[in-house]
Amino acid sequence: NPYHYQSIIRVGDREAEIANKANLNWAERKQIAAVTALNRFQNLSYIFGVNGLKNYGLINDPNLLPSITSPTWTPLSALEVYNQFWLLYSQLVKQADGLVTDDSKMTLVYPPALNASLNKTNDFGLNVKKLLKDNYPNLEFVVVPEYATAAGMQIQLIADSYDGQPTVELSFTEKMRVFPLFRRHSGYDQKRMQGTNGAIVYRPLLIAGMLVANDAP
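Residue positions are counted from 1 within each chain, in the order its sequence is given. Two thresholds apply to this predicted model, a pLDDT of at least 70 for residue-level local features and 80 or more for giving and counting side-chain atom pairs, whereas whole-chain, interface and lining totals are computed over all residues. Hydrogens are left out, water is left out, and the side-chain values use all remaining heavy atoms of the structure.

(A) Representation of the packing of aromatic side chains in the model. Aromatic pairing here means that ring centres of Phe, Tyr or Trp (its six-membered ring) are within 6.5 Å. Orientation follows from the plane angle: under 30 degrees is stacked, over 60 is edge-to-face, and everything else is tilted. Under the criterion given, the structure shown has six aromatic pairs. Ring plane angle 85° and centroid distance 6.5 Å describe the contact between Y110 and F141, whose orientation is recorded as edge-to-face. Of the two residues, Y110 sits in strand β3 (residues 106-110) while F141 sits in strand β4 (residues 139-143), which places them 31 residues apart along the sequence. Only protein chains enter the accessibility calculation, which uses a 1.4 Å probe. A residue is then buried if its area is under 20% of the maximum for its type, exposed if over 50%, and partly exposed in between. On the basis of relative accessible area, F141 is assigned to the partly exposed category, the value being 24%. For K175, the ring lying beneath its charged end belongs to F172, and the centroid distance is 5.9 Å. Only DSSP runs of H or I covering at least 4 residues are called helices, and only runs of E covering at least 2 are called strands; the numbering of each starts at the N terminus. Only when the NZ of Lys or the CZ of Arg is both within 6 Å of the ring centre and within 35 degrees of the ring normal is a charge said to sit over the ring.

Below, the structure written as structure tokens:
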């Protein structure tokens with residue numbers, strides 16, 4: 001189900017006059033703030049969907065297969081972190097029944113806290129990301145802060161497409177609709193609106209998930 005949301009920019013004549021004396025374009029700053037707020041919600045909808053609707057995100061789509069689990073990566077060596085990725089990749093290959101290979105275009109989505117582990121270096125001076133790119137040349141890395149949850153750090157390995165069909169589409173109805181400017185007695189306002197369908201998962205089998213345990217408090 002699509003979900004539409006809006007933000008209304010209100011600028012008073014008096015506040016604009018005060019800001020202008022300080023060489024501040026107050027209307028422009030409010031416009032930037034409105035766009036930022038709308039886009040932030042749009043991104044959240046791609047991850048979590050919209051509660052109460054059949055509008056799902058990339059980590060809560062009901063058709064996704066269960067995530068495998070992993071211990072916290074903090075104490076692991078570079079080789080051990082690499083092996084955890086190998087387990088995730090092996091799970092994806094198993095789910096895809098041979099449709100995914102080392103050369104497939106894939107995206108690894110993970111929270112910022114795991115960046116340090118992916119940058120760990122082995123005895124030969126090679127970090128985990130370098131080793132991954134050497135063995136999976138079409139692998140891309142995407143950091144998403146919201147993948148760090150109370151239950152653990154979520155990771156997803158996504159095969160980008162198969163036979164020209166994308167695995168996931170981050171779908172919107174309208175990216176930005178700007179409504180007419182309305183003049184009021186002592187200012188003006190303007191509505192801006194966007195719409196989201198959340199993340200549409202076409203082939204759940206081409207997404208493998210892993211839940212990494214959080215560090216002990």
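Read on, since the account is not over.
(B) Focus on helix α2 (residues 26-48). Multiplying 1.5 Å by the helix residue count minus one yields the expected span of that helix. Compared with the 33 Å implied by 1.5 Å per residue over 23 residues, the 33 Å span of α2 between its first and last C-alpha is a close match. Turning to α2, its buried residues are A27, A34, L38, Q42, S45, Y46 and I47. In this structure, the buried side of α2 is in contact with β1 (3-12), β9 (168-178) and β11 (187-201). Note on α2: the residue one or two positions beyond its end, G49, has a positive phi of about 70°. In this description, contact between two residues means that some pair of their heavy atoms is separated by no more than 4.5 Å.

(C) Molecular detail of the side chain of Q42. Note that Q42 resides in helix α2. Any pair of nitrogen or oxygen atoms within 3.5 Å is treated as a polar contact; in protein, a donor-acceptor pairing is required on top of that, and neighbouring residues in sequence qualify only through side-chain atoms on both sides. A polar contact is formed between the side chain of Q42 and the side chain of Y46, at a distance of 2.9 Å. Residues contacting Q42, with those up to four places away along its chain left out, are Y5, F172, K175, Q194, G195 and T196.

(D) Up close: the nonpolar core. Residues belong to one nonpolar core when they are buried, are Ala, Val, Leu, Ile, Met, Phe, Trp, Tyr or Cys, and are joined through side-chain atoms within 4.5 Å. Of all hydrophobic cores here, the largest spans 29 residues; its most connected members are W73, I155 and L157. Secondary-structure elements contributing two or more residues to this core are α3 (78-96), β3, α5 (128-135), β6 (152-159) and β12 (207-212). At eight residues, α3 tops the list of elements feeding residues into this core. When near neighbours in sequence (up to four residues on either side) are disregarded, W73 contacts V81, Q84, L114, S117, L118, K120, I155, M210 and V212.

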